[in-house]
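A look at the structure
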Amino acid sequence: MAVKNLPIVPSGDPGALVEAANYATWRIFRPVITESAKVNPIVTLYCPDGAITVDESGAEVNYKLCKGCGICAKESEGIQMVPEYTGPKGVF
Amino acid sequence: MNKVLITGSEAAALGAKLAKIEVLGYYPITPAFPAMERLSKYIEDGELNCKFIRVESDHSALASVLGGSLAGARSYTVTNSQGLLLMTEVVYHAAGLRQPIVMGVANRALSAPHSRFPEHGDAVSQGATGWIQLFSENNQDVLDNTIQAFRVAEELRTPVMVNYEGYLQSHTLEEVFVPDQGKVDAFLPLKRMPALDVTNPRGVNTVAGPDVYTDYKYIQNAAMEQALELIPKVAADYNREFGANSCGLIEGYMMDDAEHAIVAMGSIVGTARLLVDELRKQGKKIGLVKVKTWRPFPAQAVNQILKNVKYVTVLDKNIVFGVGGALATDIKANLYGQGSMVINGAILGLGGGKCGVKEIKEAVDHTESSENKNRSEWIGL
């Protein structure tokens, strides 16, 4: 067997883990921007994963990075946590 | 080259200064702290252009140094005992991420019970981490090993620990020859190998699945094996450039016709030399093997130098519980099937316990009178 050709420093593209985990299967609730204009830009600092951005064009959540912790929705208006799973009740 | 009277801590700091380190992460711990104090003074006085990162724990100290190294800076830290244990997680990270970090370790016994005295237990606890480990017999070794460590680390992209014993070396003055800065610059050209690039962001230490993890470890181990060839070459280069007398993997003393060999590493080597001189005067064919490079283990070199002896006494200032001394265990494992000599390990000098000429003599006598080849003898109970 030949040794595989690998980078000396074990590394990968950003978000490789997220891709591997098939886009955030760990999330039970997702933050949804309900009123972009009301979102307090401070949430960009509160977010542990750098998953939310707020600029002139409004607020946006990167669902590849978001773990669904809900801190942004707790700290700011204009964001609501909604269940990821919308199938029949009683599954969870 | 000039001659100065300095402690082992100052020798470590001077080595790092001559290597022109760029990042120093440090959390205070005894007896490693004087090395940091000296380095911080060099920085304050403008003699060293280095970013000194003060952190809240030893774990963070090595993590900050790892960050510096990933960004391509020549990075250094010092620690010992409990600090090294707290760092352990990052010790593995640094090796797996192949970062050429150099770390001074002022060896101190591990708690519990609490001890502030010299012993190799802390270094031995890190023997499987993938770091190259060099041991220093005296303060000259501390300086020489530190400078050579940067060269070895950067050529192999593998981190190196330079061990010197707490107090016995860290706080004891000895005469040390200091190489000229210009020559060190030529000996240690800075080759930047940044793993982080802001224009091309990537994640380091990403998940490696079962399909590639073994390959990563194979490649890492291959670098360690390469070190066995590189370390003697670097030492030879160093000796040629600086007129020094630094050994590579091991050094034999009075080994040409020796029937009995003492094998040791660290400061006890110097004490064992005195015993060998004394016994040689009485006509005893005894020699000494100094192990400078403990990881990777120089199996071939050790087997070669011990092939004709009848008795081997291995001195261990450490105990691997339920097994014996680490060095004795390595030597027995590597000599398997290679001869019929009696190999005895001696555990001595734990937590600052006595390990003078008398104690080493006791270990030597025990080896020649013992028929039991598989146990370690505890000296100085």
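This is a predicted model, so every value here is computed, not measured. (Residues numbered from 1 in each chain as written. Chains lettered and ligands numbered in written order. Predicted model: local features only at pLDDT ≥ 70, side-chain atom pairs only at ≥ 80, totals over all residues. Heavy atoms only, no water.)

Observations concerning the overall build of chain B
For clarity, the cut-off: Working definition: helices are DSSP H or I runs of at least four residues, strands are E runs of at least two. Numbering for both runs from the N terminus. Atoms considered for the radius of gyration are the C-alpha atoms alone. The globule rule reads 2.2 Å times the number of residues to the power 0.38. The cut-offs for exposure are 20% and 50% of the maximum accessible area for each residue type, with area from a 1.4 Å probe on protein chains only; residues under the lower value are buried, those over the upper are exposed, and the others partly exposed. Throughout, a contact is declared for two residues whenever any of their heavy atoms are within 4.5 Å.
Per the secondary structure count, chain B includes 12 helices and 16 strands. Relative to the 2.2 N^0.38 estimate, which gives 21 Å for 381 residues, the radius of gyration of chain B is 20 Å and therefore close to what a compact globule would have. Taken across its 381 residues, chain B has 57% of its residues classed as buried. Residue pairs at least 24 apart in sequence account for 82% of intrachain contacts in chain B once pairs closer than 6 positions are excluded.

What about the packing of aromatic side chains?
All names here are of chain B. Worth spelling out the cut-off: Only centres within 6.5 Å qualify two rings of Phe, Tyr or Trp (six-membered ring in Trp) as a pair; their planes then separate them into stacked at under 30 degrees, edge-to-face at over 60, and tilted for everything else.
For the coordinates displayed, the defined rule picks out six aromatic pairs over all chains. Look at Phe135 and Trp294: their rings are 6.2 Å apart centre to centre, the planes differ by 85 degrees, and that puts the pair in the edge-to-face class. Of the two residues, Phe135 is situated in strand 6 (residues 132-135) and Trp294 in strand 13 (residues 293-295); the sequence distance between them amounts to 159 residues. For the pair formed by Phe135 and Trp294, the shared burial category is buried.

Observations regarding the environment of Thr7 of chain B
Residue and element names in this part refer to chain B. Within the secondary structure, Thr7 is located in the loop between strand 1 (2-6) and helix 1 (8-18). For the pair Thr7 and Cys247, spaced 240 residues apart in the sequence, the C-alpha separation amounts to 21 Å. Residues in contact with Thr7, not counting those within four places in the same chain, are Asn139, Gln169, Ser170, His171, Thr172 and Leu173.

Notes on the sheet that holds strand 5 (residues 102-107) of chain B
Residues and elements named next belong to chain B. So the rule is basically this: Any two strands are treated as partners once DSSP identifies two or more bridges connecting them. Here the axes come from fitting lines to C-alpha atoms, over the contacting stretch only for helices, and the angles between their N-to-C directions go from 0 to 180 degrees.
The strand order across the open sheet formed by seven strands is 3-2-4-5-7-6-13, and the pairing between neighbours is mixed. Every interior strand has two partners, whereas the edge strands, strand 3 (51-54) and strand 13, have only one. With direction set aside, neighbouring strand axes in the sheet form an average angle of 20 degrees. With four bridges connecting them, strand 2 (residues 23-26) and strand 3 associate as parallel partners. Looking at strand 3, one finds that Leu24 is bridged to Phe52.

Considering the packing of helix 1 of chain B against helix 2 (residues 33-44) of chain B
All names here are of chain B. Inclusion rule: Here the word oblique covers every angle except those under 35 degrees (roughly parallel), over 145 (roughly antiparallel) and from 65 to 115 (roughly perpendicular). Put simply, a crossing is left-handed when the front helix is turned counterclockwise from the back one by less than a right angle, and right-handed when it is turned clockwise. Under the convention adopted here, Pro, Cys and the residues Ala, Val, Leu, Ile, Met, Phe, Trp and Tyr are nonpolar, Asp, Glu, Lys and Arg are charged, and Gly plus all remaining residues are polar.
One way to put it is that helix 1 packs onto helix 2 with a least axis distance of 8 Å and a crossing angle of 40 degrees. In this view, helix 1 runs oblique relative to helix 2, as classed from their interaxial angle. Remark: the crossing between helix 1 and helix 2 carries right-handed chirality. From helix 1, Ser9, Glu10, Ala13, Leu14, Ala16 and Lys17 reach across to helix 2, where they touch Pro34, Ala35, Arg38, Leu39 and Tyr42. The residue inventory of the contact of helix 1 with helix 2, partitioned by class, reads seven nonpolar, one polar and three charged.

Remarks on the packing of helix 9 (residues 268-281) of chain B against helix 12 (residues 357-369) of chain B
All names here are of chain B. Contact pair helix 9 / helix 12: the axes reach a minimum separation of 9 Å and the direction vectors enclose 70 degrees. Of the possible angle classes, the one that applies to helix 9 and helix 12 is roughly perpendicular. The two elements helix 9 and helix 12 meet at a crossing, and its hand is right-handed. For the pair helix 9 and helix 12, the contacting residues are Ile268, Thr271, Ala272, Leu274, Leu275, Glu278 and Leu279 in the first and Val357, Ile360, Lys361 and Val364 in the second. Taken together, the residues that form the contact of helix 9 with helix 12 break down as eight nonpolar, one polar and two charged.

Topic: the domain arrangement of chain B
All names here are of chain B. What counts here: Here the bounds of each domain stem from an automatic or database domain assignment. A quick way to say it: buried area is the sum, across both parts, of accessible area lost when two parts are put together, with a 1.4 Å probe. Here a salt bridge means any side-chain nitrogen of Lys or Arg lying within 4 Å of a carboxyl oxygen belonging to Asp or Glu. Whenever two N or O atoms come within 3.5 Å, that pair is a polar contact, provided that in protein one can donate a hydrogen and the other can accept it, and provided that, for residues adjacent in sequence, both atoms are side-chain atoms.
When the domains of chain B are assigned, the result is domain 1 (2-242) and domain 2 (250-378). Listed per partner, the contact involves 28 residues of domain 1 and 24 residues of domain 2. Roughly 1900 Å² of surface becomes buried between domain 1 and domain 2 when both sides are summed, with 59% attributable to carbon and sulfur atoms. The three residues of domain 1 that bury the most area against domain 2 are Val124, Phe135 and Glu137, which together make up 31% of that side's buried surface. At the junction of domain 1 and domain 2, the tally comes to four salt bridges. Glu137 is paired through a salt bridge with Arg273; the nearest N and O atoms lie 2.8 Å apart. In this structure, the connection of domain 1 to domain 2 is made through 14 residue pairs in polar contact (both at pLDDT 80 or more). Among the elements of the structure, helix 5 (121-125), strand 6, helix 6 (139-156) and helix 8 (213-242) are those that each provide at least two residues to the side of domain 1 that touches domain 2. Residues that form the side of domain 1 that touches domain 2 fall into these classes: 15 nonpolar, nine polar and four charged.

Let's talk about the sheet that holds strand 11 (residues 260-264) of chain B
Either a parallel or an antiparallel arrangement is found when strands of a sheet pair, and the pairing is made through backbone hydrogen bonds. Residues and elements named next belong to chain B. Pairing in this open sheet of six strands is mixed, and the strands run 10-12-11-14-15-16 from one edge to the other. Of all the strands in the sheet, just strand 10 (250-253) and strand 16 (376-378) have a single pairing partner and so form its edges. Taking each pair of neighbouring strands and ignoring which way they run, the sheet shows an average axis angle of 20 degrees. As defined by bridge partners, strand 10 adjoins strand 12 (residues 286-291) across four bridges and the pair is classed as antiparallel. Opposite Ile250, over in strand 12, you have Val291 as the bridge partner. Set on the sheet, helix 11 (residues 326-334) makes contact with strand 11, strand 12, strand 14 (311-316) and strand 15 (342-347); between it and strand 14 the angle comes to about 145 degrees.

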